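Tertiary structure, described
These are the residues of each chain, in order.
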Amino acid sequence: MKKLLSLALALTLGLGLAACGGADNAGSADADIPTGFTTVEEGVLVMSTNAAFPPYEMTTDGEGVVDNFEGIDVEVANEIAKKLGLTLRVDDMDFDAALLAAQTGKSDIVMAGVTVTEERLAVMDFSDSYAKGVQSVIVPEGSDIATIDDLAGKKIGVQRGTTGNIYCEDDFGADNVTAYDNGMTAVQALKNGQVDCVVIDNAPAQELVAANEGLTILDTNYTEEDYAIGVAKGNTALLDAINAAMAELKADGTFDAIVAKYISAE
Ligand code: GLN
């Protein structure tokens with residue numbers, strides 16, 4: 001009898017805990033997804049991002065996939081959330097803040113075309129990679145910059161906190177690099193003649209060049225990288241669930257269908 005009572009007490013306490021966040025979401029996930037993960041808010045997967053990075057994450061004027069957000073990362077995260085029995089919420093902020101939010105447990109995941117680097121692996125954990133990224137160089141048509149070596153001594157615009165920012169400062173000196181809030185403001189500075197080029201991931205570079213006349217992308221890539229989903233260091237239960245969900249989305253064609261919707265195969 002005593003045993004039964006304490007069991008009942010433990011159950012009640014457990015339920016009470018689950019109800020006030022830091023939530024144990026076990027039970028609502030798909031059968032094949034490992035359970036035992038917790039999220040910032042019960043029933044919700046919070047994704048921090050910088051929604052100025054088309055085609056991975058951007059805002060829409062009309063109805064988006066989640067609120068007014070759309071893009072590859074948003075749709076993939078939405079499918080992962082469903083498999084985990086959660087509802088996706090997108091928190092839009094600067095890129096460096098989006099990384100920090102996941103590191104400090106303010107968001108569950110950062111999904112923002114995030115490149116896996118040694119430095120970031122020291123402060124956060126990453127899922128299996130889901131895409132390849134490339135750092136490209138945008139220049140005005142007719143620029144005398146033709147190769148990566150020509151960037152030496154030029155004024156380079158980048159997006160703050162990105163790999164493009166870090167690599168350019170390492171290779172060409174911080175004095176030659178100006179960091180902007182996002183790719184659009186960097187490209188605006190290029191059009192205004194404040195910088196000579198912009199180094200940014202290739203997928204947004206393509207969109208930025210298509211949307212702005214008189215710009216072109218160098219044929220040579222600066223670096224090649226892997227994109228993955230970031231979580232707080234040690235959040236293995238959530239990472240396992242995400243990797244399992246992503247594997248299913250890749251196996252059943254959902255992932256490819258989302259990518260095809262946003263990036264036309266050449
Ligand atoms: N892939 C780059 C990085 O991780 C840029 C990502 C972004 O600007 N959203 O630094």
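Our structure is the block above this text.
Cut-offs applied
Residues numbered from 1 in each chain as written. Predicted model: local features only at pLDDT ≥ 70, side-chain atom pairs only at ≥ 80, totals over all residues. Heavy atoms only, no water. Buried < 20%, exposed > 50% of the residue type's maximum accessible area, 1.4 Å probe, protein only. Helix = DSSP H or I, 4+ residues; strand = E, 2+ residues; numbered from the N terminus. Arc of directions from axis to C-beta. Contact = heavy atoms within 4.5 Å. Disulfide = S-S within 2.5 Å. Core = buried A, V, L, I, M, F, W, Y, C linked by side-chain atoms within 4.5 Å.

Right, let's talk about helix H3 (residues 95–103) for a bit. Taken together, the buried positions of H3 are Phe95, Ala98, Leu99, Ala101 and Ala102. Around the axis of H3, the buried residues are gathered within 160° of arc, so they sit on the same side. Where H3 is buried, its residues contact strand E3 (44–49), strand E8 (109–110), helix H4 (118–121), strand E9 (124–126), strand E11 (156–159) and strand E16 (230–232). One or two positions beyond H3, positive phi appears at Gly105, with a value near 75°.

Okay, the state of the cysteines next. In the structure shown here, the tally under the stated rule is 0 disulfides. Here Cys197 is not disulfide-linked; the sulfur of Cys168 is the nearest cysteine sulfur, at 7.0 Å. Here Cys197 falls in the buried class, since its relative accessible area comes to 0%.

Our focus in this paragraph is the environment of Ala122. Within the secondary structure, Ala122 sits in the loop between H4 and E9. The exposure class of Ala122 is exposed, given its relative accessible area of 53%. As for Ala122 and Lys233, which are separated by 111 residues in sequence, their C-alpha atoms are 8.4 Å apart.

Now for the nonpolar core. Grouped together as the largest cluster of nonpolar side chains are 39 residues, with contacts concentrated most on Ile80, Leu84 and Ile109. Residue assignment for this core shows that the elements contributing at least two residues are E3, helix H2 (72–83), strand E7 (87–92), helix H8 (236–251) and helix H9 (254–262). At 7 residues, H8 tops the list of elements feeding residues into this core. For Ile80, the contacting residues outside a window of four places in its chain are Ile229, Ile242, Ala245, Met246 and Leu249.

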